[in-house]
Amino acid sequence: MTLNDQLRHLPKFLTVREVADFTFCHDRTVRRWIRSGTLSALETPEGLRIPRRELKRFLGLQEAS
């Protein structure tokens, strides 16, 4: 299974924990990426949410056109 295939199975909006698990890093690292502007996130009443397409951009993967 390719990385793009794995991403396709993720929810459209991910929590900080889900991104941390997917990238094998700590929650604090993901929050640091968000604070620095490296990774974009949306502030929702439930907390920060990272769009799946933003994670793909962050990982350097291109959408298949």
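Residues numbered from 1 in each chain as written. Predicted model: local features only at pLDDT ≥ 70, side-chain atom pairs only at ≥ 80, totals over all residues. Heavy atoms only, no water.

### As for the packing of helix α2 (residues 16-23) against helix α3 (residues 27-36)
Stage number 1. The N-to-C vectors of α2 and α3 enclose an angle of 110°; their axes lie 8 Å apart at closest approach. In this view, α2 runs roughly perpendicular relative to α3, as classed from their interaxial angle. Taken together, the residues of α3 that come into contact with α2 (itself represented by V16, R17, V19, A20 and T23) are D27, V30, R31, W33 and I34.
Stage number 2. Per-class residue counts for the contact of α2 with α3 are 6 nonpolar, 1 polar and 3 charged. (Axes fitted to C-alpha atoms, helices over the stretch in contact; angles between N-to-C directions. Helix = DSSP H or I, 4+ residues; strand = E, 2+ residues; numbered from the N terminus. Parallel < 35°, antiparallel > 145°, perpendicular 65-115°, else oblique. Contact = heavy atoms within 4.5 Å. Nonpolar A, V, L, I, M, F, W, Y, C, P; charged D, E, K, R; others polar.)

### A look at the pattern of salt bridges
Stage number 1. Under the defined criterion, the tally for this structure stands at 4 salt bridges.
Stage number 2. With a closest N to O distance of 2.5 Å, E54 and R57 form a salt bridge. Of this pair, E54 and R57 both sit in helix α4 (residues 52-58), 3 residues apart, which is roughly one turn of the helix.
Stage number 3. Among the residues examined, E54 registers a relative accessible area of 10% and is labelled buried.
Stage number 4. Classification of R57 as partly exposed rests on a relative accessible area of 45%.
Stage number 5. One network of salt bridges, with partners in common, ties together R17, D21 and D27. (Salt bridge = Lys/Arg side-chain N within 4 Å of Asp/Glu carboxyl O. Buried < 20%, exposed > 50% of the residue type's maximum accessible area, 1.4 Å probe, protein only.)

### Here we look at α3
Stage number 1. When we look at burial in α3, the residues that qualify are T29, V30 and I34. Seen from one end, α3 has its buried residues packed into an arc of 140°, which puts them on one side. Among the exposed residues of α3, those oriented more than 90 degrees off its buried face are R28, R35 and S36.
Stage number 2. Buried positions along α3 lie against α2 and β3 (47-51).
Stage number 3. Of the residues one or two after α3, G37 is the one with positive phi, at around 90°. (Arc of directions from axis to C-beta.)

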